[in-house]
Amino acid sequence: MKILVVDLNNFSRYPTLPVGLIVAVLRHAGIGVQVLSPLARGVPGYPRLTRAKPWDGLLDRMKYWSAVTPSRRVRALRRRAADALRPVDPSSREVIVGYARELLESRPDAVLVSAYTMHERTCDELAALCAATDVPLLIGGPYFSAREIVERWTTKPGVTAVYGGEPEAVLPALVADLVARRDLSRYAGVSVPGRVVAPAPPLHELDALPFADYTDFPWHRYPNRIVPIMTARGCEWARCRFCADVRTAAGRSFRSRSLDDVLHEIRHQRALHDASLFVFLDLKLNSDVALWRGLVDRLPDVAPGIRWTASVHVDARDENGLSRSDLMRAAQAGLTRITTGLESASEPLRKRMAKGTSLERTAAYLRDATEAGISVRLTTILGYPGEEPADVDTTARFLADHAPWIERVMLNRYTLMLDSDDDRRFRTDPLPSVPIRPGAVDPLTAIVEHENPTLATAAHRAAAYRLMAAVHAINRRPLLPKAQDFEGVM
Ligand code: SF4
């Protein structure tokens, strides 16, 4: 049996972990696999935050203005421009579909596509190809846990089934039934035309999985050799109201691997790919403090000389694993870049977001991490429902005051994500004090359109520009030399 696995996630800095796992699981079951990675044909991945150019400050202001202006015409033009700049533009789509057509000539028994909702048009064309060549097609990806999305995708001509959940445990059997065109309804999480089901329950036996197989990825196209790795799925906190990551296929509920299994994989991937750079893709690497500390303690022996980057949550637990001495030890174990969500420096706003952090602790963390020699990145949200100009100014001041201890800030305009806690709350129980109006769901982004009239006021816009200026001043600086291998990785 031979399966074509199409990786539309196509990140241009390192291989896609869920696809590497799918490949490993299939190969372990004796199933032949071929991987279509668009990057192999030069299709670029989605760009991430890098050092700001002098003119980016002005560009960011213009982009922001065009997003919040009351002028419908400007907003429509902006949407059209954004559409043209989506990660898979028509010329990239043509390359991907042409590549798939070539690979289908070798007659795979089935095609598996790993996609985000934004890849819908590409998937439409791949599905048409599969229909024309009579090859069954199974689609999955992080956002196929939302009913609206699954309903839409199962009706596409050429799509045999859509999988919601983490497929690894059942994948070989599911693929065998897919190829034999048997009824797939015995599998939890498999939706077929006319029968949409809830996602499969979260997968718990993570140590039972083989290590991800990245051998098919176009390593020569990556600027350096970074291996993705994950110690756990989900987030121990899982309460931030804006967060959709904890609703995705792998993000629902927190489960971790054993420390030995993780270290064993690091040793294996390092030797196989001759790599000394790792990116931990955990939503919150300090979720399980014992595992995090164990990792930091044992990495210097297991993988001396590696450098790595990770996301953490500076949460309010007595022991969150991010004390000054924890960070010093982590730096000695190779932690080079770290990112965390500030989201806002306004206490009432963070409370409304259920962020679960304190400003004092975040400020101490910024100083401690920087003094340990770690490059620090923050994310912030602009335009959270209920945000006032004073809240924005509080964040701008915090960033300016702590600029010596921050190397990058990712400023995200608030998006109401489908299925997030905010989405559920605003749809069913809108707060009278929060003047937002949720609208339709954009099926290409899984974003619920919403209008927030506060953002169009001159006072809020002026505060937003002050915040952008503070962010721009930080993002203009170069990263620490040792962190530059990870520039644009997060
Ligand atoms: S800490 Fe991060 S991953 Fe966890 S719920 Fe909050 S935003 Fe989501």
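Student: Explain the packing of helix α9 (residues 289–302) against helix α10 (residues 324–332) to me, and be specific about the residues and the numbers.
Tutor: The geometry of α9 relative to α10 is characterised by a closest axis approach of 8 Å and an angle of 45° between their N-to-C directions. By the angle between their directions, the pair α9 and α10 is classed as oblique. For the crossing formed where α9 meets α10, the hand is left-handed. Seen from α9, the contacting residues are Trp292, Arg293, Val296 and Asp297; seen from α10, they are Asp326, Arg329 and Ala330. Broken down by class, the residue content of the contact of α9 with α10 amounts to 3 nonpolar, no polar and 4 charged.

Student: So what's going on with the domain arrangement of the protein chain? Residues and values would help.
Tutor: For the protein chain, the assigned domains are domain 1 (2–45 + 88–191) and domain 2 (56–82 + 224–486). Put simply, the middle of domain 1 and the middle of domain 2, counted by C-alpha atoms, are 29 Å apart. Counting from both sides, the interface comprises 20 residues of domain 1 and, opposite them, 25 residues of domain 2. Both sides of the domain 1 and domain 2 interface together cover about 1,900 Å² of buried area, and 58% of this is carbon and sulfur. Along the contact surface separating domain 1 from domain 2 lie 4 salt bridges. One salt bridge in this structure joins Arg233 and Glu168, with 2.9 Å as the shortest N-O distance.

Student: Let's hear about the sheet that holds strand β5 (residues 161–163): which residues, and what values?
Tutor: An order of β2-β1-β3-β4-β5-β6 is seen for the 6 strands of this open sheet, with the pairing classed as mixed. Looking at the sheet topology across the chains shown, the edges are occupied by β2 (32–36) and β6 (190–191). Of the strand pairs in this sheet, strand β1 (residues 2–7) and β2 are connected by 5 bridges, and their pairing is parallel. For Val6, the partnering residue across the bridge sits in β2 and is Leu36. Along the sheet face, helix α6 (residues 147–154) touches β4 (137–140), β5 and β6 and points at about 155° away from the line of β5.

Student: Talk me through the environment of Leu21; I want residue IDs and the actual numbers.
Tutor: Within the element layout of this structure, Leu21 appears in helix α1 (residues 17–28). A residue is classified by how much of its surface remains accessible, and Leu21, at 9% relative accessible area, is buried. When the C-alpha atoms of Leu21 and Ala400 are compared, they prove to be 42 Å apart, with 379 residues separating the residues in sequence. Excluding residues within four positions of it along the chain, Leu21 makes contact with Glu168, Pro210, Ala212, Asp213 and Arg233.

Student: Now, about empty space enclosed by the protein: what can you tell me, with residues and values included?
Tutor: One pass over the full model with this rule turns up 4 cavities of 30 Å³ or more. In this structure, the largest cavity occupies an estimated 150 Å³ of space. What lines the largest cavity is a set of 13 residues, and nearest its centre among them are Leu21, Met230, Arg233, Arg257 and Glu265. Secondary-structure elements contributing two or more residues to the lining of the largest cavity are α1 and α8 (259–273).

Student: Describe in detail the environment of Lys351, supporting the description with residues and values.
Tutor: Tracing the backbone shows Lys351 in helix α11 (residues 347–353). In sequence terms Lys351 and Arg241 are 110 residues apart; their C-alpha atoms lie 10.0 Å from each other.

Student: Can you lay out a nonpolar patch on the surface for me, pointing to particular residues and giving the numbers?
Tutor: A cluster of nonpolar side chains, Trp55, Leu58, Leu59 and Met62, forms an exposed patch at the surface whose accessible area comes to about 440 Å². Accessibility expressed as a relative area gives 52% for Trp55, which makes it exposed.

Parameters and conventions
- Each residue is numbered by its place in its chain's sequence as written, counting from 1.
- Under the rules for a predicted model, residues below a pLDDT of 70 receive no local features and side-chain atom pairs below 80 are neither given nor counted, while totals for whole chains, interfaces and linings still include all residues.
- Neither water nor hydrogens contribute to the side-chain values; these are computed over all heavy atoms in the structure.
- Axis definition: a line fitted to C-alpha atoms, limited for helices to the stretch in contact. Angles are taken between N-to-C directions and run from 0 to 180 degrees.
- A run of H or I in DSSP counts as a helix once it spans at least four residues, and a run of E counts as a strand once it spans at least two, with each numbered from the N terminus.
- Oblique is the label for any angle not covered by the other classes, which are roughly parallel (under 35 degrees), roughly antiparallel (over 145) and roughly perpendicular (65 to 115).
- Crossing handedness: left-handed means the near helix sits turned counterclockwise from the far one by under a right angle, and right-handed means the same turn made clockwise.
- Whether two residues touch is decided by their heavy atoms; if any such pair falls within 4.5 Å, the residues are in contact.
- Side-chain classes are defined by residue name, with Ala, Val, Leu, Ile, Met, Phe, Trp, Tyr, Cys and Pro counting as nonpolar, Asp, Glu, Lys and Arg as charged, and the others, Gly among them, as polar.
- Bear in mind that the domain bounds are from an automatic or database domain assignment.
- Buried area, as used here, totals the accessible surface that two parts lose on assembly, with accessibility defined by a 1.4 Å probe and the loss added over both.
- The working definition used for a salt bridge is a side-chain nitrogen of Lys or Arg within 4 Å of a carboxyl oxygen of Asp or Glu.
- Any two strands with at least two DSSP bridges between them are considered paired.
- Note on exposure labels: buried denotes an accessible area under 20% of the residue type's maximum, exposed denotes more than 50%, and partly exposed covers the range between, all computed with a 1.4 Å probe on protein chains only.
- Here a cavity means grid points, on a 1 Å grid over the protein atoms only, where a 1.4 Å probe fits yet cannot get out; a pocket means an open set of points with protein on both sides within 12 Å along at least five of seven lines; lining residues are those with an atom within 4 Å of a point.
- Grid points are joined across faces, edges and corners, and a volume is the space filled by probe spheres set on the points.
- Surface patches are drawn from residues lacking salt bridges whose relative accessible area is over 30%; two like charges belong together within 9 Å, two nonpolar side chains (Val, Leu, Ile, Met, Phe, Trp, Tyr) within 5 Å.
- For accessible areas, the Shrake-Rupley method is used with a probe of radius 1.4 Å. Any residue's cover is judged against the shown protein chains and nothing else.

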